[in-house]
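# Fold and geometry: a report
As a plain string of letters, each chain reads:
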Amino acid sequence: MNLSPAAREVLGAVASCTWSGPHRAAPLRRWTRLTPAAFDAALAELASGGLVRRAQGDLFWLTDRADAAARSLFD
């Protein structure tokens, strides 16, 4: 899957978590080098690619596809 560098950074940050969710975007954002707008755009990219499922506010869950995509980042 072709992801932007920002989306790969967000996926890599959330991949270090041991659970699939729910995750809160705001606290996770501090573990990246991205601006809030770039982080939100990257999270939207991951959602449109089926890698995360978003809920109201800043909650999101990883999908099964995200596990495989995250694994490929570290291969």
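One structure accompanies this document, and this report is about it. (Residues numbered from 1 in each chain as written. Predicted model: local features only at pLDDT ≥ 70, side-chain atom pairs only at ≥ 80, totals over all residues. Heavy atoms only, no water.)

## Quick look at the overall build of the protein chain
A tally of regular secondary structure across the protein chain gives four helices and three strands. Walking the protein chain from its N terminus toward its C terminus, one meets helices and strands in the order α-β-α-α-β-β-α. The C-alpha radius of gyration computed for the protein chain amounts to 11 Å, which stays within 12% of the reference 11 Å derived for 75 residues, consistent with globular compactness. Its C-alpha atoms put the protein chain at 30 × 20 × 20 Å along the principal axes. The proportion of buried residues among the 75 residues of the protein chain is 33%. A separation threshold of at least 6 residues defines the contact pool for the protein chain, and within that pool the share at least 24 residues apart is 56%. Split by element, the accessible area of the protein chain, about 4600 Å² in all, is 54% carbon and sulfur. The centroid of the 9 positive side-chain charges in the protein chain is displaced by 3 Å from the centroid of its 7 negative side-chain charges. (Helix = DSSP H or I, 4+ residues; strand = E, 2+ residues; numbered from the N terminus. Rg over C-alpha atoms; globule rule 2.2 N^0.38 Å. Buried < 20%, exposed > 50% of the residue type's maximum accessible area, 1.4 Å probe, protein only. Contact = heavy atoms within 4.5 Å. Areas by Shrake-Rupley, 256 points an atom, 1.4 Å probe, with all protein chains shown as cover. Lys, Arg positive; Asp, Glu negative; His and termini not counted. Charge placed at Lys NZ, Arg CZ, Asp CG, Glu CD.)

## Some remarks on the sheet that holds strand S3 (residues 59–62)
Taking strand neighbours across the sheet as the criterion, the three strands line up as S1-S3-S2 in an open arrangement whose pairing is antiparallel. Edge strands, defined here as strands with exactly one partner in the open sheet, are strand S1 (23–24) and strand S2 (52–54). By the bridge criterion, two bridges tie S1 to S3 in an arrangement that is antiparallel. When the sheet's bridge partners are listed, His-23 is paired in S3 with Phe-60. Those strands touched by helix H3 (residues 36–48) are S2 and S3, and its axis lies near 110° from that of S2. (Pairing = 2+ DSSP bridges. Axes fitted to C-alpha atoms, helices over the stretch in contact; angles between N-to-C directions.)

## A short note on the side chain of His-23
Within the secondary structure, His-23 sits in strand S1. Overall, His-23 belongs to the buried group, its relative accessible area being 5%. Excluding its chain neighbours within four sequence positions, the residues that come into contact with His-23 are Val-14, Cys-17, Asp-58, Leu-59, Phe-60 and Leu-62.

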